[in-house]
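# Working through the structure, step by step
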Amino acid sequence: MAYLLPAEFATKMVDAGEAKIYMSTRDTLIRAYMAGAILALAAVFAVTIAVQTGVFLLGAVLFPVGFCMLYLMGFDLLTGVFVLTPLAWLAQRPGVTPKQILRNWGLVFVGNFGGALTVAFMMSFIFTMGYNVDGGAIATKVASIGEARTLGYAEHGVAGWFTIFIRGMLCNWMVSLGVVGAMISTHVSGKVLAMWMPIMLFFFMGFEHSVVNMFLFPFGLIMGGDFSVMDYFIWNEIPTALGNLVGGLAFTGLTLYTTHVKTLPKRTIPVDKAAASQTLPI
């Protein structure tokens with residue numbers, strides 16, 4: 001399992017951010033759409049396992065399979081571009097401006113949301129036999145998750161909003177470590193292992209991921225969740241996305257960039273030459 005030194009993969013982070021800025025609109029949307037769809041399937045997969053087995057940990061252990069698939073296929077999540085594209089701007093790569101970064105984020109958001117929403121409708125159709133029967137235990141569970149993670153936060157007002165914001169920060173700290181961790185190795189096995197650990201942690205801890213929520217909450221609404229579209233955006237998607245941005249960039253992107261790309265000169269330590277020249281008696 002080949003391993004790249006931090007200074008090497010930190011430079012790859014900057015290169016990746018620049019490449020995403022220069023990607024065509026079509027390719028950006030397609031890659032984001034597929035990433036949203038695959039992560040949505042992974043989410044319903046994990047929830048299904050948790051409901052059917054009664055062991056939430058098992059769902060968390062297997063959820064990262066979706067993240068690994070989309071990363072290996074070169075698809076893009078909003079949480080990933082939040083971290084990588086600003087680094088290309090900080091490195092003063094040609095053509096990388098705040099306007100271009102915001103453009104990339106907007107396109108990836110639209111693509112991710114489109115892919116997640118597509119899977120939400122497809123899975124709701126499957127669970128209800130074309131909306132003719134009850135969705136069953138899994139649909140009920142997702143609907144309850146939607147209520148708890150919108151109205152549940154709303155009950156606490158500003159404190160609830162900042163709670164979900166911090167959960168979003170912690171989430172993308174872990175997710176972005178998965179993205180960066182995959183750059184450490186040049187072998188598939190190494191990439192998968194490096195991604196698996198932080199993704200499993202975020203899912204089991206119930207941290208908030210903006211793209212996963214693009215599936216869970218529309219699916220929960222379709223399945224009869226007692227909350228509104230505005231509840232979803234104000235009390236989940238917006239604070240989650242902002243938390244994802246701040247957490248991923250502050251805890252992963254900027255720290256690695258600062259200490260491995262913009263490394264300060266090594267300290268100079270005065271040496272007492274006289275003392276250094278003395279030798280111990282035999």
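Read on for an overview of the structure. Since the structure is predicted, the reported quantities are computational estimates derived from the model, not experimental observations.

Conventions and cut-offs
For every chain, the first residue of the written sequence is number 1, and numbering continues from 1 along that sequence. Restriction of local features to residues with pLDDT of at least 70 applies here, the model being predicted, together with a cutoff of 80 or more for giving and counting side-chain atom pairs; totals for whole chains, interfaces and linings are based on all residues. Side-chain numbers here rest on the full set of heavy atoms in the structure, without hydrogens or water. A run of H or I in DSSP counts as a helix once it spans at least four residues, and a run of E counts as a strand once it spans at least two, with each numbered from the N terminus. Any residue under 20% of the maximum accessible area for its type is buried, any over 50% is exposed, and the rest in between are partly exposed; the area is computed with a 1.4 Å probe on protein chains only. Should any heavy atoms of two residues lie within 4.5 Å, those residues are considered in contact. Each accessible area is a Shrake-Rupley result for a 1.4 Å probe, and residues are judged covered by the shown protein chains and nothing else. Axis lines are fitted through C-alpha atoms, for helices just across the contact stretch, and the angle between N-to-C directions can take any value from 0 to 180 degrees. Angle categories are assigned with fixed cut-offs, so that under 35 degrees is roughly parallel, over 145 is roughly antiparallel, 65 to 115 is roughly perpendicular, and the rest are oblique. What makes a crossing left-handed is the near helix being turned counterclockwise from the far one by less than a right angle; a clockwise turn instead makes it right-handed. Residue classes follow a fixed rule: Ala, Val, Leu, Ile, Met, Phe, Trp, Tyr, Cys and Pro count as nonpolar, while Asp, Glu, Lys and Arg count as charged, and any other residue, Gly among them, counts as polar. Polar contacts here mean pairs of N or O atoms no more than 3.5 Å apart (in protein, one a potential hydrogen donor and the other a potential acceptor; neighbouring residues in sequence count only if both atoms are side-chain atoms). Aromatic contacts are taken between Phe, Tyr and Trp rings whose centres are within 6.5 Å, Trp giving its six-membered ring; a plane angle under 30 degrees counts as stacked, one over 60 as edge-to-face, and the others as tilted.

## Observations regarding the overall build of the protein
Each helix and strand counted, the protein has 13 helices and zero strands in total. Dimensions along the principal axes, computed over C-alpha positions, put the protein at roughly 90 × 50 × 40 Å. Each of the 282 residues in the protein was classed as buried or not, and the buried ones make up 48%. Taking the intrachain contacts of the protein between residues at least 6 apart in sequence as the baseline, contacts between residues at least 24 apart amount to 83%. Here the protein displays about 13800 Å² of accessible surface, and carbon together with sulfur accounts for 71% of that area.

## Side note on the environment of valine 246
Among the structural elements, valine 246 can be located in helix α12 (residues 229-260). On a C-alpha basis, the gap between valine 246 and isoleucine 166 in space is 9.2 Å, while along the polypeptide they are 80 residues apart. If we ignore the near neighbours within four places in the chain, the residues touching valine 246 are Phe165, Met169 and Phe251.

## Some words on the packing of helix α9 (residues 157-181) against α12
In contact at an axis separation of 6 Å, α9 and α12 are set at 45° when each is read in the N-to-C sense. With respect to their mutual orientation, α9 and α12 come out oblique. Judged by the sense of rotation from one axis to the other, the crossing of α9 with α12 is right-handed. Partitioning the contact of α9 with α12 into residue classes produces 16 nonpolar, eleven polar and no charged.

## Observations regarding the side chain of glutamate 237
Note that glutamate 237 resides in helix α12. Of the polar contacts made by the side chain of glutamate 237, one reaches the side chain of tyrosine 232; its length is 2.6 Å. Ignoring any residue separated from it by four or fewer positions in sequence, one finds glutamate 237 in contact with Phe109, Ser210, Asn213, Met214 and Tyr232.

## Topic: the side chain of asparagine 244
For asparagine 244, the position within the fold is in helix α12. Owing to a relative accessible area of 0%, asparagine 244 belongs among the buried residues under this scheme. Only 2.7 Å separates the side chain of asparagine 244 from the backbone oxygen of glycine 168, close enough to count as a polar contact. What asparagine 244 contacts, discounting residues up to four positions off in sequence, is Thr79, Phe82, Gly168, Met169, Cys171, Asn172, Glu208, His209 and Ser210.

## Topic: the environment of proline 94
Examined against the element boundaries, proline 94 turns out to sit in the loop between α5 (78-90) and α6 (98-127). In the structure, proline 94 is positioned 76 residues away from glutamate 18 in sequence and 8.6 Å away in space, judged by C-alpha atoms. Not counting the four nearest positions on each side in its chain, proline 94 is found in contact with Glu18 and Tyr22.

## Side note on the packing of aromatic side chains
Going through the model one piece at a time under the given rule, you end up with 18 aromatic pairs. On the numbers, 5.8 Å between centres and 15° between planes, the contact of phenylalanine 56 with phenylalanine 203 is stacked. In this pair, phenylalanine 56 is assigned in helix α3 (residues 56-62) and phenylalanine 203 in helix α10 (residues 188-205), connecting sequence segments 147 residues apart. In this structure phenylalanine 56 comes out as partly exposed when scored by relative accessible area, which is 40%. Geometrically, the ring pair formed by tryptophan 161 and phenylalanine 165 is stacked, given 6.1 Å between the ring centres and 10° between the ring planes. Of this pair, tryptophan 161 and phenylalanine 165 both sit in helix α9, four residues apart, roughly one helical turn. By relative accessible area, tryptophan 161 is classed as partly exposed at 22%. Classification of phenylalanine 165 as buried rests on a relative accessible area of 16%. Ring pairs connect the aromatic residues Phe109, Phe113, Phe217, Phe227, Tyr232 and Phe233, which therefore count as one cluster.

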